[in-house]
Amino acid sequence: MITCDEFMAEFGDYLEGDVTGEVRQQLEGHLAHCRTCQVVYDSTRKTIKIVTDSGSFDLPEAAVKLSASKIMARIRNDLAS
Amino acid sequence: MLHWTPSELRLLGIPDRQLDQIAIDHHLAGLSTSEAGLLDFALKLAMNAPWLSREDIAGLRDKGFSDESILEAILVTGLAKLLCTLSTGLDPSPDFEPREIPHSSSPPAPDARSHGGDTSGPYLRAVELRPDSFPAFGYFMKRFGSIPNFFRAQTLRPDVIEAEAGLFRNVLQPDDILSHVQKECILLVVSAANLNTYCVAAHCEMLRVMGVSTEESDQIAVDHHQPDLSEQNKALLDFALRLAVQPSEFRSEDIDTLRRLHFTEEQILETVAVTALNNFINTVQMGLGTTPDVKPRHEFRPKEAHLFVAADRPTWSLQIDPDVELVSRVPDGDSDAFEELVTRHSRRVYRTLLGIVGNVEEAQDAMQDTFLKAFQHIGDFQRRSKFSTWLVSIATNRGLQCLRERRRLESLDDDGPDADEEFRPRQVRAWADDPEQLYSATERRRLVERGLMRLPAKYRVVLVLRDLEQFSTDEAAEALGLGILALKARLFRARLMLREKLSPHFASSANKMGL
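Residues numbered from 1 in each chain as written. Chains lettered and ligands numbered in written order. Predicted model: local features only at pLDDT ≥ 70, side-chain atom pairs only at ≥ 80, totals over all residues.

(A) Structural view of the overall build of chain B. Across its full length, chain B holds 23 helices and two strands. For chain B, buried positions account for 38% of its 515 residues. Restricting to contacts in chain B with at least 6 residues of sequence separation, those with at least 24 account for 76%. (Helix = DSSP H or I, 4+ residues; strand = E, 2+ residues; numbered from the N terminus. Buried ≥ 20, exposed ≤ 12 C-beta atoms within 10 Å, placed from the backbone. Contact = placed C-beta atoms within 7 Å.)

(B) Inspection of the overall build of chain A at higher detail. For chain A, the count of helices and strands is four helices and zero strands. Secondary structure elements of chain A, listed N to C terminal, follow the sequence α-α-α-α. For chain A, buried positions account for 26% of its 81 residues.

(C) Structural detail: the packing of helix α9 (residues 180-193) of chain B against helix α10 (residues 197-209) of chain B. All names here are of chain B. Following both chains from N to C, one finds α9 and α10 inclined at 155°, their axes separated by 9 Å at the closest point. Between α9 and α10, the crossing angle belongs to the class labelled roughly antiparallel. Of the two elements, α9 crosses α10, and the hand of that crossing is left-handed. Of α10, the residues touching α9 (which contributes Val181, Glu184, Leu187, Leu188, Ser191 and Ala192) are Cys199, Val200, His203, Cys204, Met206 and Leu207. (Axes fitted to C-alpha atoms, helices over the stretch in contact; angles between N-to-C directions. Parallel < 35°, antiparallel > 145°, perpendicular 65-115°, else oblique. Left-handed = near helix turned anticlockwise from the far one by under 90°.)

(D) Structural view of the interface of chain B and chain A. Each side of the interface is counted separately: chain B has 46 residues, and chain A has 35 residues. Where the side of chain B that touches chain A is concerned, the elements lending two or more residues are α16 (335-357), α17 (360-376), α19 (441-453), α20 (457-468) and α22 (484-506) of chain B. Considered class by class, the residues forming the side of chain B that touches chain A number 22 nonpolar, eleven polar and 13 charged. (Nonpolar A, V, L, I, M, F, W, Y, C, P; charged D, E, K, R; others polar.)

(E) Layout of helix α4 (residues 61-80) of chain A. An ideal rise of 1.5 Å per residue puts 28 Å on 20 residues; α4 of chain A measures up with 28 Å between its terminal C-alpha atoms. Considering only its buried residues, α4 of chain A is in contact with α16 and α17 of chain B. (Expected span 1.5 Å × (residues − 1).)

(F) Layout of the packing of α10 of chain B against helix α11 (residues 214-222) of chain B. All names here are of chain B. The geometry of α10 relative to α11 is characterised by a closest axis approach of 9 Å and an angle of 135° between their N-to-C directions. Comparing the axis directions of α10 and α11 gives the class oblique. In the crossing of α10 with α11, the sense of the turn from one axis to the other is right-handed. The segment α10 lies against α11, with Val200, Cys204, Leu207 and Arg208 engaging Thr214, Ser217 and Ala221.

(G) Structural detail: unusual backbone geometry. Here the bond from Gly121 of chain B into Pro122 of chain B is cis, since omega is 0°, no more than 30 degrees from zero. For Pro122 of chain B, the location among the structural elements is in the loop between β2 (99-100) and α6 (135-144). Even without being glycine, Phe57 of chain A reaches a positive phi, approximately 60°. Backbone geometry at Gln470 of chain B places phi at a positive 60°, although glycine is not the residue there. If you trace the backbone, Gln470 of chain B turns up in the loop between α20 and α21 (473-480). Judged by C-beta crowding, with 11 C-beta atoms within 10 Å, Gln470 of chain B ranks as exposed.

(H) Focus on the environment of Glu340 of chain B. Mapped onto the elements, Glu340 of chain B comes out in helix α16. As a C-alpha pair, Glu340 of chain B and Asp323 of chain B span 17 residues in sequence and 9.6 Å in three-dimensional space.

(I) Representation of the environment of Leu468 of chain B in the model. Along the chain, the position of Leu468 of chain B falls in helix α20. Using a count of 22 C-beta atoms within 10 Å as the deciding quantity, one classes Leu468 of chain B as buried. Measuring from C-alpha to C-alpha, the distance between Leu468 of chain B and Arg351 of chain B comes to 8.5 Å, with 117 residues separating the pair along the chain. Leave out the neighbours within four places in its chain, and Leu468 of chain B touches Val51, Thr52 and Ser56 of chain A together with Arg351 and Leu463 of chain B.

(J) Inspection of the confidence of the model for chain B at higher detail. All names here are of chain B. Across chain B, the average pLDDT comes to 82, with 84% of residues at or above 70. With pLDDT under 50 throughout, residues 414-420 is counted as low confidence; its partners more than four residues away or in other chains account for two contacts. The low-confidence segment residues 510-515, where pLDDT is below 50, has four contacts with residues more than four positions distant or belonging to other chains. Among the scores for the predicted complex, ipTM is 0.92 and pTM is 0.52. (pLDDT = per-residue confidence, 0-100.)

(K) Representation of the nonpolar core within the structure. Residues and elements named next belong to chain B. One finds Ile186, Leu188, Val189 and Ala240 to be the most contacted residues of the largest nonpolar core, which totals 66 residues. Taken domain by domain, this core gets at least three of its residues from each of domain 1 (3-106) and domain 2 (135-304). Discounting chain neighbours no more than four positions away, the residues touching Leu188 are Val200, His203, Cys204, Leu207, Ser217, Ile220 and Ala221. Val462, Ala476, Phe492 and Met497 belong to the second largest nonpolar core, which has 56 residues in total. (Core = buried A, V, L, I, M, F, W, Y, C linked by C-beta atoms within 7 Å. Domains from an automatic or database assignment.)

(L) Inspection of helix α5 (residues 67-90) of chain B at higher detail. All names here are of chain B. An ideal rise of 1.5 Å per residue puts 34 Å on 24 residues; α5 measures up with 34 Å between its terminal C-alpha atoms. Along α5, the residues classified as buried are Ile70, Leu71, Ile74, Leu75, Thr77, Gly78, Lys81, Leu82, Thr85, Leu86, Thr88 and Gly89. On its buried face, α5 is in contact with α3 (33-47), α4 (54-62), α8 (158-172), α12 (231-245) and α14 (265-288). With its phi angle positive at about 45°, Asp91 sits one or two positions after the end of α5.

Right under this line is the structure:
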């Protein structure tokens, strides 16, 4: 059975689906028995999903158009000069 | 091969009639069930490897074969593929009187629908060997930075791994006859034709280290006639493909074609040797069922396989840069094309900038600067990456410049003293089963933005690119000018840090109430 530290060392790659079958089995074996790592694993996965679905820092459609027109005005101005 | 020379079997005392019968149908050659089962396995591995699964290995174990014997069967089958490829490419005169190959020596074609076997490997038992005490592993550590799973799965035979390390040293490592990139391209193209997910991922990674973008490698694997390769190199890959997967179509004219294109005899010999070695590696890998060392961009499924002779190349969906056509029109002064690129990417650029500078007005100004710079320097865009990745790397640099101007010297390229810091999660309360239901979309967005803004910029930007923009690890690393490992480490830390910030808001209500 691996320790919590060993779990944390591989956890990043595990989240990315980047571990071998053997390591995956060890990690899942640990998760089955360790409540703390289970919570960290579950909440980290939920964190990623919440961030991805959040639409954070998004630019509203009207602002996209406005920005594009400002940018193109600067570029066309530069081209003309 | 057109002829076979069963001299060794004859020397072992097997009569001619039985030799013919083994070649025609080994089930009728008076072999024991386990001997016939072993030949079934070898034939399937040699001719229909994508259909191989854990069940085939279990079948051999049931017939009494140890893992050591099964490994040897896999290695001998790989060697048979290597020798067939070498003899096809070199066409040596026979050492023994040739015998016509009897009819019906091909194994039956598997039914694609019947495949449902467990292909998760590795299939065989392995033992631990350490790089500091096993020289071959020391060599692989030095060459690859880690021990590929392919070799870890063969540790029951350290002597074989040593021999394989010798082949790597003598055939793949020298750069003076064919170049490294030429050899890796041969390995990539032939592995793709053999539908070998593990080897395609490995060679894409090797090419990436040599400076070839993953997009370009993908394109070479799918159709090497499309990328910007010289006619010489295209012909070289045509030659290797035909030799490896269409040996019955291979002719001496194929060698003449390379000679006409000024390839030397040494280069042609090395091409044959690299191609043969590739067939050995592909075959052994399929027999071992090792999982990829790097995340594959493409998974090959047996249904995509072409039986026996892969006359057509497999195809799979590719991430081709959708902006290429527009980008090509900009240097000729087509500002409408650039306007379309601005519309397509302004959201992405803005999000990246806001993620770095954290201020709406500053992000909008920096967005204008980013596009202006991209327009002025579009001639420098090398197409080694996607246009969007190139654009985001300009935006990232501009965002950093803003931070420096504000004297907030947050570095994005320095791992800093916290690189080795041990990170231990402090918030260990369970989250709600469906935490997104706890808040409205607007509230969630505000919580995430506030959480992100409380992270140091170097962590924040990685999360913005990977989890908001959905950049691949390669793309994010390229946009930030980081190595893959550094990016992964930073991403992991950033996710854990944000988890800490969000935990008080998303913990299950029972915990919130202290129950």
